[in-house]
Structures are given as structure tokens and as C-alpha cells.
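Observations on chain architecture
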Amino acid sequence: MRVYQLATAAILVATLGAACSGGSGEPSATTGGAAASGGPVTLTYWTWVPNMDKIVRVWNQAHPDIQVTVSKQAGGDDAAAKFLTAARAGNPPDLVQAEYQMLPSFVAAGAVADIRAETARAKGEFGEGVWGLVTLGTDAVYAVPQDSGPMMLYYRRDLFEKYGIEVPKTWDEYAEAARAVRGKDPKVFLGTFSSKDPGWFAGLAQQAGAQWWSIDGDAWKVAVDDEATRKVASYWGGLVKEGVIDDMPYFTPEWNKALNDGRLLTWPSAVWGPGVLSSNAPKGKGRWAVAPLPQWNAGENHSGFWGGSSTAVAAKSPSRAAAATFATWLNTDPQALGLLIGEGAVYPASTKGAALMTEAPGYFSTQPDFWKQAAAIGATARGFTFGPDVNVTYNAYRDAFDKAVADRSDFTAAVRTMQDTTVADMRKTGFTLAQ
Amino acid sequence: MTTRPLTTRPVTTRTRKGAPRAGAVPYLFLAPAMVLFTLFMALPIGYTGYLSLRRTKVSGLGLGAGARTEVFAGLGNYAAAIGDGELWAGWLRVLGYGALVLALMLGLALVFALMLDAAHVRLARITRISIYLPYAVPGVAATLMWGFLYLPGLSPFGDHPFLGAGLVTFSMANVAVWGGTGFNMLVLYTNLRAVPREYYEAARIDGAGELAIALRIKIPILVPAIVLTTVFSVVATIQVFTEPTTLRPLTNTISSTWSPLMKVYRDAFVTGDLHSAAATSMVIAGISLVVSLGFLRIVKNHAFGED
């Protein structure tokens, strides 16, 4: 009963934490100045950006009164679960890296602070779309945007030439190319549909114009099962059923090998793709190129977001102002942005940041205009508001699409399941839903 | 010579002089165990029970402070846990998996133990250690290793759908059998070594061969140990979590609620509903208690040699 013990242990810790913090009451939003306590303010920061300790060292040297300690996290859903558990237990870090889609869950759990007052200056540094992701369409500001993940099409330029395939401009052309590749070499697929990556699917749905959640007055509207999403689902379902698109999930050893061996020719992914490709498919160095995602209608120009994250301040942090100051510096200061790009391989969300990206990633050394392309594509990306129980929706995606892929059944039914599961969970928890 | 027991004197002394002390001393010895039990078993279980009777209630959009409160839920979480078809489907999957693992693992353990114990086996020590060795490999590492061996495209066994819908239960059972056989074999083997060799000599004089000795003498003697290893294995099977959880990212045939414990994990850490998770874990704990006690009751006479 390992998990059971784990859960009870966590629960025990939670009770102790609650007992300890019970007397202190709500921390004031304005504490955080070094003057209050005499010594320097110390902040803890959970992040998975590589080399963040080097970036923070620069801050610590310039700001002896606010010292930040970095705690390296694994990232992904586990990091979010860990933060929520720590927040519930009463001992969260002061600052946390929060993926955009997880932010509403953090807010709904009361785990992150509204830092509207402290970030008034930062607002102008970001585009409207990305700023909306941290306000959730309300007056509050729950985080400072850090990086974003506009989606684009990564493809093997050399193999496209070998098989005589044009870069697909529309999803119809992509499907045609998928069939053509299969005809030329039965060992090779144009791409794969991943039933493990709801964020990827959400990005494709955004491109098609989906709006999975929205706030209607005092009620949530859930529209996972909308026209655009169904269109995306039935498109991929058709290709998988036809056998012209592979169905192995992304980020598995098998997928890595197929990428490395040149048995997968495209990957519709996000701007952070080069890091993944260079570590998972080292043999492809210099052979990949980027293009905009294929469009649903010729002449359109849309993209979606896969991933991207922000820096949030824990509601329980006793040094909220200091934490917000650091979060603003980290994501808007030119020196910090330079470090984020150079040391952390981050694609900054701030408008200033994009201009700082000049030298193409080493893996794409044959494509010197990589960042120019990325910036142009990024400008066409449209996102949507994420709901307060994205984790439920994403889990439903994995289970429902796993099954749909295995059974070769209707993908739109899986989308229906996502919708139903999300609505049922929100209703059970008591959210007001608009119908 | 008197045959008065030697203990009489000390006992009377103690009852006369040390009686008040003797009352406290046993409790003093028990205290550390009791304190640890209360802190790390009774309290968490009690708190889990408390949590399972409550739920989170959100109002409006659920954003902002105070939108989320904890309220009494009565037996609602239990009703939901018991009424959840996924949980029972999980039990069914685990039942099939468990039948495979129990039969294969314990069968192999018994065969290996008997073979190693047979007379004139060469290299018994090396063989014993090599069969036991997989048990020393942590479950996650073992499962990952097998996962790589199963993946089409990477597998040295060729391009077979080891993780496909038809084979995935067998593939998982294989990992558990590989890891658990050695341990169970060792328990049985140790029991066999404790049997007086005279039994076998007598049997041989009566004309019994190795097979007859194994079937007529060794296995009957082993019954209590077999019952013990079965109970351990049943409990371990009910708790199956590591294998499916580790293999899940590699295939689309294992859902997030494949086994009952995975559902608890999902509720607690993926969807963030501690209250449902607490109720479900209480249900699972109850079922495993009933199953293991029920099994012990059925085989009671064999297990403890009672009549």
C-alpha cells in the first residue's frame, strides 16, 4: 500500500503544517521590505529552467536585501501536483514556475497570490494574448509571463527532398504528404498522433479556433467539445485509422529512436522544440527546418500554443512584494532576459525578449533565420483561457485518446468524453456553469 | 530431592516486593511502539477517515480567496467510490493479472526450491543467488528495463506488440514474476533446509525416488510456507502500482485507473481531490483486509497446523 502510505504521510505533514501555521493568520501583502525584520528577505523559487541558479546569482549580487534560493524541479504535471500539495500543507516556496494551463488550478486552489499592485509596471512589456493567460480574463494578475510556446512545423528538410515532398501549407496537403511518404517507404511515417500530450492537442485546437473555457459573468463555460476541436480530432483520427500516421506517443524511447533514425519526418511542435530535438535526436543536427503549421484553409495564418510558463508568487509567501519584484525583474529586465535566453534556453514571453534572440540554436545552424521565423509564427498564435480543472481534462484526454488510438475508434467520441468528464468534475466541485 | 520448580522463589519475591513497579514496567516497554504506532499508523488512518467524510465546495468561478471551502460530505465520497465502474473494472484487471502472477510466480518458486533442494545439485549456491538477484532490483528500474525490452523498434525480441491490448497484462505479470520468484523461492527453500534429513533417508529406504519424496514429503511439509507466501503475494498484487504506472507512458493500453491504487493516486495527485482519494483508499484497505483474512480463514488449518 505504498501510495496509500504516501498519501497518509502527506496528510500527516499537512496536519502538522496547518497546526503550525494556524496561529500566524493571513500574511500581509505589504511585508517583504528588509526593514521590517532587519535582515535580508530570503525567497525560495521552484523552477525547471536549466541554469536558473546562474541567473539568480546575478540578481543576488545586485540585491543583497532580497536573496533568492533556487530549488530545481522536474517540471510537468508532477511539478504542479507537488506545488499544490505543498501549498495545501502550508509550506509552499515563495515563487513557483507555473505553466499557463496549470495557473487556473493554482488560483482556484488559493495557492497563488494576486500580484496586481506589484506588477502594474510589467503589464506593458507583454502582448495582450500572453498577458490574458496570467489574468484569466479577470482584473487580477496571478503571475508574470516567462516563456511561451507558439507552435510550428518541424520537418526533415533532407528527407523531404529525398522523397520529393513539398512542405505542406494546409492540413489537407499534410494528409496527402503522409500518404505519399507511406507509398515511398513503408518504414517511414510523416508524423505521429500522441495520445499522451494533451497540451499538444490543445495547441492544435487553438490553431483551429477552439475556446475550451471562457468566463461568462459569474459562470464558467466549457466548450472542449466545440466545432474546431472536433474537426482537429476527426482529422487525426482519420489519418490514424487509415494507417498513414503513426500512433506512438511523443517523448518515449521509441519515438526518440524513430526521430533519430529518420523514420519520422515531421513534428508539429512548439518553439522550444530545438532543445528536445538536439538531446533526443542528435543525428538529425542541421537536417531539420521549421515552417508555419499547416493551415485549415489556404491563405489563413494561425498557430496555437503548446506549453509556456509564468512565474507566480505563493499566496502563503510572507514576502509577497519582494517575490513580485524578483519575478518582474526576471521576466522583463534586459539583462535577465539575455540570461534566460543564453543560459536557460528560454523563449521569453516579453516583447523585448523576442528581439534579443538573434543567433539560431546550434541544432538549427543551417537555418540562420530560425528566430525570425519563430517570431513571425509567434505573432500568429492564438491561445485560449484555461479552466480551473485542466488537470482533469488533460487526464481525460490521455485515457480517452489512449483507448481511441488502441481501438482505432472515433476520435470525436474521445473529445466528447473530455467535455463530459470536465463538466462532471466542475459540477461536483460546485463551480457555477453556464449552459 | 525436592522437585520444587526453581522459579518459585523469584516469583514470590517479585509479587511481594516489586508489584507496584511490575505494573508500570511492561507499559514502559510498550510505550515506544505504541507512540510510533499512534503517530504513524493510527493518526494518519484516522485522518484519512476524517478526510474521506469531507469534500471541497467551490462557489461561483472558484477564483479568489474564500471561494473554496471544506464541508462535511457524509458518506458521499464512499458512495461515489463504490459506485465508480472504473474502480471495479480495475479490480477485475487486477484479478486477472493477480491470477497470472500468483500461479506463475509461486509455481516457479516451488519448482526451483524443490530442484535446488534435491540431492547432488551442482552450483546450487550460484543458481540460488542468480534466481534471487532480480528481487534486489528496485521495481521501477526493473519495469523500465523490461519496458525497453518490450518496445517495438527497440526490443531485441523483435517487433511484437508486447504492450498491445492483448499482451500487456502478460507483459506486466512477467515483470512481477521475474522480480518476485527469487524471494518466494528463498522462503520455501529455507523451510526445506530445516527439514531433518532423516525423513528423506527413511523414505529412500522405503524405496521412494526424488519425485516421490518431493510430492509426498516436501510439499506437505511446505504447506504453511506456501500459504504464507501466497498471502504476501495476494497483498502485493492488490497493491500493484509500480509496473502499470511505469509502463503507462510507453503505451496507450494502460489507463490512469488501470489498478485501484492508480485511481487513488490519480484522484489525490492528478485531479487534486484528496477527499475522494481518501474514501477510495479506505475502500481498498477494507477489501484487502477482507481478502487476506478470508484467505487465511479458509486455509487456517493448513497454515498454522491447527484443527
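Residues numbered from 1 in each chain as written. Chains lettered and ligands numbered in written order. Predicted model: local features only at pLDDT ≥ 70, side-chain atom pairs only at ≥ 80, totals over all residues. Heavy atoms only, no water.

Bring the parts together and some accessible area is lost; that lost area is often taken as the interface size. Taken residue by residue, the interface counts 46 residues in chain A and 49 residues in chain B. Carbon and sulfur atoms make up 61% of the surface buried where chain A meets chain B, a total of about 4000 Å² over both sides. Here chain A is connected to chain B by three salt bridges. The partner of Asp 399 of chain A in a salt bridge is Arg 248 of chain B, and the shortest N-O contact between them spans 3.5 Å. Seen at the junction of chain A and chain B, the total is 13 residue pairs in polar contact (both at pLDDT 80 or more). Among the secondary structure elements, those contributing two or more residues to the side of chain A that touches chain B are helix 1 (2-21), helix 4 (76-89), helix 5 (103-108), strand 6 (219-222), helix 11 (253-260), helix 17 (390-407) and helix 18 (411-429) of chain A. Of the residues forming the side of chain A that touches chain B, the biggest block, nine residues, is contributed by helix 17 of chain A. The residue inventory of the side of chain A that touches chain B, partitioned by class, reads 21 nonpolar, twelve polar and 13 charged. (Contact = heavy atoms within 4.5 Å. Buried area = accessible area lost by both parts, 1.4 Å probe. Salt bridge = Lys/Arg side-chain N within 4 Å of Asp/Glu carboxyl O. Polar contact = N/O pair within 3.5 Å; in protein donor to acceptor, adjacent residues only side chain to side chain. Helix = DSSP H or I, 4+ residues; strand = E, 2+ residues; numbered from the N terminus. Nonpolar A, V, L, I, M, F, W, Y, C, P; charged D, E, K, R; others polar.)

Time to look at the packing of helix 10 (residues 227-242) of chain A against helix 18 of chain A. The description of two helices packed together rests on the angle between their axes and the distance between the axes. Residue and element names in this part refer to chain A. One way to put it is that helix 10 packs onto helix 18 with a least axis distance of 7 Å and a crossing angle of 140°. One element, helix 10, and the other, helix 18, form an angle in the oblique class. Taking contact as the criterion, the partners of Thr 229, Arg 230, Ala 233, Ser 234, Trp 236, Gly 237 and Val 240 in helix 10 are, on helix 18, Phe 411, Thr 412 and Val 415. Taken together, the residues of the contact of helix 10 with helix 18 sort by class into five nonpolar, four polar and one charged. (Axes fitted to C-alpha atoms, helices over the stretch in contact; angles between N-to-C directions. Parallel < 35°, antiparallel > 145°, perpendicular 65-115°, else oblique.)

Glancing now at the pattern of salt bridges. Applying the stated criterion to the full structure yields 28 salt bridges over all chains. With a shortest N-O distance of 2.9 Å, Asp 117 of chain B and Lys 218 of chain B are connected by a salt bridge. Here Lys 218 of chain B lies in helix 9 (residues 210-238) and Asp 117 of chain B lies in helix 4 (residues 85-117), a separation of 101 residues in the sequence. For the pair formed by Asp 117 of chain B and Lys 218 of chain B, the shared burial category is buried. One continuous salt-bridge network, built from bridges that share partners, spans Asp 225, Glu 227, Arg 230, Arg 416 and Asp 420 of chain A. (Buried < 20%, exposed > 50% of the residue type's maximum accessible area, 1.4 Å probe, protein only.)

Further remarks concern a nonpolar patch on the surface. Taken together, the side chains of Val 35, Leu 36, Phe 37, Leu 39, Phe 40, Met 41, Leu 43 and Ile 45 of chain B present a nonpolar region at the surface, about 750 Å² in accessible area. The exposure class assigned to Phe 37 of chain B is partly exposed, which follows from its relative accessible area of 44%. (Patch = residues over 30% accessible without salt bridge, like charges linked within 9 Å, V, L, I, M, F, W, Y side chains within 5 Å. Areas by Shrake-Rupley, 256 points an atom, 1.4 Å probe, with all protein chains shown as cover.)

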